[in-house]
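Architecture and fold: a report
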Amino acid sequence: MARHVSLLVTLLALAPACAADTTGTYLQAGDDGDGDDAGRDTDEKEAMEEPLPRQLLECELSVPCEFPFFGAGLDASLKPSAFSPSDLCVFTSLARGEPGLVETVAEFSDATARLDYAIVGPGVALRQASGESDAGGRWLKGVYRCELQPSAFFLDCLQAPSAACLDPEQWVVGCEPLDNLVCPG
């Protein structure tokens, strides 16, 4: 019994010394707690202050084509001559696989849907859907990392369009959701 009492007295004596100090500021990696940010470089300070982007359109990416892909105006035979110059630009850009932002737009009587692609490297794209409708207002889906179809797929679209060419969701395969968006570049 005396042994338990002496252990209890020792713990009670040490408890105040071990208590956490909750009155100070929290330290971040690389912070020495002196409150002086002089040791941080400017880019690091700005990165800590800037909010994370929510959509691909907020990233500073080159846009290779003047207008989004509409894929509209194609007749029933899907002739290549029915593509607009912007649609041709999109297929050419995707065939090259060069980094940049490719936008697609689908117009409906009561809604507009967008499917945007950030080509980030050979065969790799980030994809994000967004839009607005009369019934549901504005909406924004998460970002996915996808494998871009091979260059031959887009070259075939330039020569002999198919239904898959007109469906921007068919331009990529193997998509995996990302936890958050980090702008490429």
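Residues numbered from 1 in each chain as written. Predicted model: local features only at pLDDT ≥ 70, side-chain atom pairs only at ≥ 80, totals over all residues. Heavy atoms only, no water.

Details of the overall build of the chain
The condition is simple: Secondary structure elements are defined from DSSP: runs of H or I of at least 4 residues count as helices, runs of E of at least 2 residues count as strands, and each element is numbered from the N terminus. Only heavy atoms enter the contact rule, under which two residues are in contact if any of them lie within 4.5 Å. Here the Shrake-Rupley method, with its probe set to 1.4 Å, supplies the accessible areas, and only the displayed protein chains count as covering residues.
For the chain, the helix and strand inventory stands at 5 helices and 5 strands. In the chain, the order of α-helices and β-strands from amino to carboxyl end is α-α-α-β-β-β-β-α-α-β. Taking the contacts inside the chain whose residues are at least 6 apart along the sequence as the reference set, 51% of them involve residues at least 24 apart. When the accessible area of the chain is evaluated, it comes to approximately 12400 Å², of which 55% is carbon and sulfur surface.

Topic: the nonpolar core
The criterion, for reference: Nonpolar cores were defined as sets of buried Ala, Val, Leu, Ile, Met, Phe, Trp, Tyr and Cys residues, with membership established by side-chain atoms within 4.5 Å. Any residue under 20% of the maximum accessible area for its type is buried, any over 50% is exposed, and the rest in between are partly exposed; the area is computed with a 1.4 Å probe on protein chains only.
In this structure, Val90, Phe91, Leu94, Tyr117, Leu148, Phe154 and Trp171 are the most contacted members of the largest nonpolar core, which totals 22 residues. When contributions to this core are tallied by element, the ones reaching two or more residues are α3 (85-96), β2 (111-121), β3 (124-133), β4 (137-148) and α4 (151-159). Ignoring any residue separated from it by four or fewer positions in sequence, one finds Phe91 in contact with Phe69, Phe83, Phe154, Cys157, Leu158, Cys165 and Trp171. Core analysis: the second largest hydrophobic core is formed by 8 residues, Cys59, Leu61, Ala118 and Leu126 among them.

Observations regarding the packing of α3 against α4
Describing two packed helices takes the angle between their axes plus the distance from one axis to the other. Let me state the cut-off plainly: A fitted line through C-alpha atoms represents every axis, and for helices the fit uses only the stretch in contact; the resulting angles, taken between N-to-C directions, go from 0 to 180 degrees. Throughout this description, any angle smaller than 35 degrees is read as roughly parallel, any larger than 145 degrees as roughly antiparallel, any in the 65 to 115 degree range as roughly perpendicular, and the remainder as oblique. By convention, the crossing between two helices is left-handed when the near helix turns anticlockwise from the far helix through less than a right angle, and right-handed when the turn is clockwise. Each residue is assigned to one of three groups, with Ala, Val, Leu, Ile, Met, Phe, Trp, Tyr, Cys and Pro labelled nonpolar, Asp, Glu, Lys and Arg labelled charged, and all others, Gly among them, labelled polar.
It is the contact of α3 with α4, at a shortest axis distance of 8 Å, that shows an interaxial angle of 155°. By the criterion of interaxial angle, the relationship of α3 to α4 is roughly antiparallel. Remark: the crossing between α3 and α4 carries left-handed chirality. Residues Leu88, Phe91, Thr92, Leu94 and Ala95 of α3 form the contact with α4, whose participating residues are Ser151, Phe154, Leu155, Cys157 and Leu158. For the contact of α3 with α4, the class distribution of residues is 8 nonpolar, 2 polar and no charged.

Overview of the state of the cysteines
Let me state the cut-off plainly: Counting rule for disulfides: a pair of cysteine sulfur atoms within 2.5 Å.
This structure, assessed with the given rule, holds 4 disulfides. Each disulfide pairs two cysteine sulfurs, and for Cys65 the partner residue is Cys89, the sulfurs being separated by 2.1 Å. Around the S-S axis, the bridge from Cys65 to Cys89 shows a dihedral of about -90° and counts as left-handed. Placement of Cys65 in the loop between α2 (42-49) and α3 and of Cys89 in helix α3 is noted, with a sequence separation of 24 residues between them. Cys89 sits in the partly exposed class, given a relative accessible area of 24%.

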